[in-house]
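Commentary on secondary and tertiary structure
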Protein chains: 4
Amino acid sequence: MNYGPEIEVAIARARADVSNLHAELVRYGLVIWTGGNISARVPGAELFVIKPSGVSYDELRPENMILCDLDGEVIADTPGCERSPSSDTAAHAYVYRNMPAVGGVVHTHSTYATAWAARGEAVPCVITAMADEFGGEIPVGPFAIIGDDSIGVGIVETLTGHRSRAVLMQNHGVFTIGKDAKDAVKAAVMTEDVARTVHISRQLGEPLPLPQSAIDSLFDRYQNVYGQAPKGAMK
Amino acid sequence: MNYGPEIEVAIARARADVSNLHAELVRYGLVIWTGGNISARVPGAELFVIKPSGVSYDELRPENMILCDLDGEVIADTPGCERSPSSDTAAHAYVYRNMPAVGGVVHTHSTYATAWAARGEAVPCVITAMADEFGGEIPVGPFAIIGDDSIGVGIVETLTGHRSRAVLMQNHGVFTIGKDAKDAVKAAVMTEDVARTVHISRQLGEPLPLPQSAIDSLFDRYQNVYGQAPKGAMK
Amino acid sequence: MNYGPEIEVAIARARADVSNLHAELVRYGLVIWTGGNISARVPGAELFVIKPSGVSYDELRPENMILCDLDGEVIADTPGCERSPSSDTAAHAYVYRNMPAVGGVVHTHSTYATAWAARGEAVPCVITAMADEFGGEIPVGPFAIIGDDSIGVGIVETLTGHRSRAVLMQNHGVFTIGKDAKDAVKAAVMTEDVARTVHISRQLGEPLPLPQSAIDSLFDRYQNVYGQAPKGAMK
Amino acid sequence: MNYGPEIEVAIARARADVSNLHAELVRYGLVIWTGGNISARVPGAELFVIKPSGVSYDELRPENMILCDLDGEVIADTPGCERSPSSDTAAHAYVYRNMPAVGGVVHTHSTYATAWAARGEAVPCVITAMADEFGGEIPVGPFAIIGDDSIGVGIVETLTGHRSRAVLMQNHGVFTIGKDAKDAVKAAVMTEDVARTVHISRQLGEPLPLPQSAIDSLFDRYQNVYGQAPKGAMK
């Protein structure tokens, strides 16, 4: 299977990104054992790259990442294709099929975010970093289990038109989306961070609400000004 | 003492596994100082290998792991036999004698699991990762102290016929079993992870229950489909 | 742009300090991703050095730190000037303009301190280490968002004449000041440590108050006796 | 100053132990910045070795540890004597003068232990590891501040005749003693571990009490049987 030089370069980059970015999940303590997974869309093609199932973080390499089409089917005769892709592949594929601006998807069971998810409770937006990053609360998606498209449907229905790039799937864990895989990883890292901070704040009383106008202005500024260049926000 | 080439190879592998796998307990923060211990059955023989007592994690080597028979007696004239085996050796031996499908046993005092154990409370199954891994709650075993077979009896009585590979021994800590030592270590890592997540979730309210049918279907799928090959579950 | 040999040496030292000290924020878990920032005044000049915006901690080097005047304007034709300075630069600049004894400023969203800030609650002084370091409670500053001088004003109004070198900006995070950047980093590290310890203490009851006379005598001694030489406290 | 070959060897060993053992305080997260200190008695002499004041953990070397007499006075003309010893030196010296079986002393502000200390509450003995190590609760000592012998008096009065090698000094932190410095470090590590586990257990209900007879038999066994040789317990 050869997709021509441009797409092959894009596939190689997606393999490297997906393989390397898992180190950030480990660094920030978002995953244990073989849990958690990252995927990246291949720009310009109906393809994405995802982590293999049940493989240890120390053994991830670009060449054992798995190339799939947007139905989540493994592409034959490509590196890594002898392995099974992440058991969450169907959910990633559903997101790519239905949210064309999404370039990366991350799934974790990070502790504090999953604790909110187990209660089916959104994380309220009470700190400015959360307004910057998510523009409001981190919402809860429906209870859905592996086996059909119900997880994918839940992610897409919850996040379409929502400022948040993260959804807490009830009793399950977190899915985040981004313009690319790194952006989705950042969302996963920030989700756990704000889920933890707001949890701890609420342990000893009720956090003060943020005015909606402040949330709006922080979100707007952060999407357009922060960092070294304007961000291509997923609008 | 020589057991013939096949068994000697199996002993060497068990020594290496037990020695190396302790690094996972350290990596995931399940043990401190010299606490915690792992053992591995030697397939094809009435033997198992276990960590020496009171030895620091930095000093563990295959050749100082200790070979025992299924009564927990150290085998004379084998590497490491000049040292005392883990003070929990009798409990490990009791499990191997009474649960023939068990190939590995792990014991820790990991923080959150021990916190549940100190209240004598099972960890309820409210997150899908827990349904996958344990098929329901993580049960509590009886209060029992070192000195006779009462810890081993408590483990075996609690886990026989139970989906969970982990038991919270009351006021004490965790014992996990697995088809091999790595599987038991995974169970120990997952036990602490879910004990922590469910604890944190309950700090701010009551987690939503998982439907029993969802627990059943997740457990069934995970035992048979997840990862790179069907798992030899301990049925 | 050349400021003459003495100032150039001071600038080089400030660049190295600011670049290196960020490692302490990472080591103590006060920051994630690109969050948090440190600045250092250039002694003898109307200048300070600050971290660039949105740049990863692994990529910080003395030569990509950014030199600013006390209005927070980037100095043209200096190393790093092609990048944007930290989005909190205006707040740092305001502090340097209005608190001449301050030689370093640090900003983080460290978890426990931000949890107190989200409730708008000062950390009460109930442990001797806090009396040593802060001489009393860690106060709360006003709610203020990026865009004008309101954050800087809030920091300066709260900390002027206060023993504490740390302020919890409501719903936001922590700003600390020090006689130099290292001293401000120490204040940031200690702020999170005492915010965490007092939080945990209060989870199971009310900490015992410290007598004011003990607070006073601990603070006085620590500012004048502790360490290898009398400290140039910011009085 | 030369104490003769035997004592000089013992001093060199104490310098190395004190310098190296601080790494365990860092590894287990018991200290931050320059907080915490370890000392070791020099066997056969009226001397002990202690950490210098306000020096970073990365800079500790055997030759900059400080040799003191049992009044806490620095011995002139010995390596490191140009620096100030730990500001807690008087408390360490008081313990050595009044508890001849003590060979090592450790002081930390570790988070969970200090949280109990801030409420003036002993850690109850509800887990078997605590019965093993401390033989009962970890007691609280009086509120006392630096400046005279009151901290040392509080430690000695609380721990004399007590099974516990650890005392929570009210509103302050932990002091532990041991037959040597390593034993005192182990006690400091275990103190934080059990303070954390029991805290977390109590967050969601009341831990079950341990029968006194079980505590007694666990403590007795651990002091006499555990590890590779009978321990020279400090009786």
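Residue numbers restart at each chain and count upward from 1, following the sequence in its written direction. As they are written, the chains are lettered A onward and the ligands numbered 1 onward, keeping that order. The predicted origin of the model limits local features to residues at a pLDDT of at least 70 and limits the giving and counting of side-chain atom pairs to 80 or more, whereas totals for whole chains, interfaces and linings rest on all residues. Excluded from the side-chain calculations are hydrogens and water; all other atoms, namely the structure's heavy atoms, are used.

**Comments concerning the relation of the copies chain A and chain C**
In this structure, two copies of a chain are linked by a rotation about an axis accompanied by a shift along it. Least-squares fitting of one copy onto the other uses the C-alpha atoms of those residues that reach a pLDDT of at least 70 in both copies. Each copy superposes on the other: chain A lies on chain C with an RMSD of 0.0 Å after a rotation of 90 degrees and an axial shift of 0.0 Å. In the structure described here, the two chain copies are related by an operation that fits a four-fold rotation axis. Residues of chain A ranked by C-alpha distance from the rotation axis are headed by Gln203 of chain A, positioned 5.4 Å from it. Here a residue-residue contact requires only that any non-hydrogen atoms of the pair lie within 4.5 Å. Here only 3% of the contact residues of chain A are again contact residues in chain C; the copies associate through non-equivalent surfaces.

**A closer look at the UniProt feature "domain: Class II aldolase/adducin N-terminal" (unreviewed entry) in chain A**
UniProt positions are given in the numbering used here, feature names are shortened, and annotations may be inferred rather than shown by experiment. Residues annotated by UniProt as "domain: Class II aldolase/adducin N-terminal" (unreviewed entry) correspond here to residues 16–199 of chain A. Along residues 16–199 of chain A, the helical share is 36% and the strand share 17%, with 35 Å between the first and last C-alpha atoms. Per the convention used, a helix needs a DSSP run of H or I reaching at least four residues, while a strand needs a run of E reaching at least two, with both numbered from the N terminus.

**Description of the sheet that holds strand S7 (residues 173–178) of chain B**
All names here are of chain B. Strands sit in the order S3-S2-S1-S4-S7-S6-S5 across an open sheet of 7 strands; the sheet is mixed. The two strands at the open ends of the sheet, each matched to only one other strand, are strand S3 (66–69) and strand S5 (140–141). Note: two strands are recorded as paired if DSSP finds a minimum of 2 bridges between them. Here 2 bridges tie S5 to strand S6 (residues 166–169), and the two strands are oriented parallel to one another. Looking at S6, one finds that Val140 is bridged to Leu168. Every axis corresponds to a line fitted to the C-alpha atoms, with the helix fit spanning only the stretch in contact, and the corresponding angles, defined between N-to-C directions, vary from 0 to 180 degrees. Strand contacts of helix H5 (residues 150–159): S5, S6 and S7, with the helix running at about 135 degrees to S6, the strand carrying the most contacts. In the packing of helix H6 (residues 181–203) onto the sheet, the strands contacted are strand S1 (37–42), strand S4 (104–108), S6 and S7, and the crossing angle to S7 comes to about 140 degrees.

**Observations concerning the interface of chain A and chain C**
Contact with chain A, which involves 33 residues of that partner, is made by 29 residues of chain C. For the pairing of chain A and chain C, the buried interface totals around 2700 Å² over both sides, and the portion due to carbon and sulfur atoms is 61%. Note on definitions: salt bridges are taken to be side-chain nitrogens of Lys or Arg within 4 Å of carboxyl oxygens of Asp or Glu. Linking chain A to chain C there are 1 salt bridge. Between Asp58 of chain C and Arg27 of chain A there is a salt bridge, with its nearest N and O atoms 3.0 Å apart. Once two parts are put together, the accessible area they lose, assessed with a 1.4 Å probe and summed over both, is termed the buried area.

**Some points on the pattern of salt bridges**
Scanning the entire structure with this criterion turns up 48 salt bridges over all chains. Of the charged contacts, one joins Asp216 of chain B and Arg163 of chain B as a salt bridge, the two residues approaching to 3.0 Å between their closest N and O atoms. Highlighted residues: Asp216 of chain B in helix H7 (residues 212–224) and Arg163 of chain B in the loop between H5 and S6, separated in sequence by 53 residues. Linking Glu121 of chain C and Arg202 of chain C is a salt bridge whose minimum nitrogen-to-oxygen distance equals 2.8 Å. Taken together, the residues Glu121 of chain C in the loop between helix H3 (111–119) and helix H4 (128–134) and Arg202 of chain C in helix H6 (residues 181–203) connect sequence positions 81 residues apart. Judged by its relative accessible area of 23%, Glu121 of chain C is partly exposed. Exposure classes here rest on a 1.4 Å probe applied to the protein chains alone. A residue is buried below 20% of its type maximum, exposed above 50%, and partly exposed in between.

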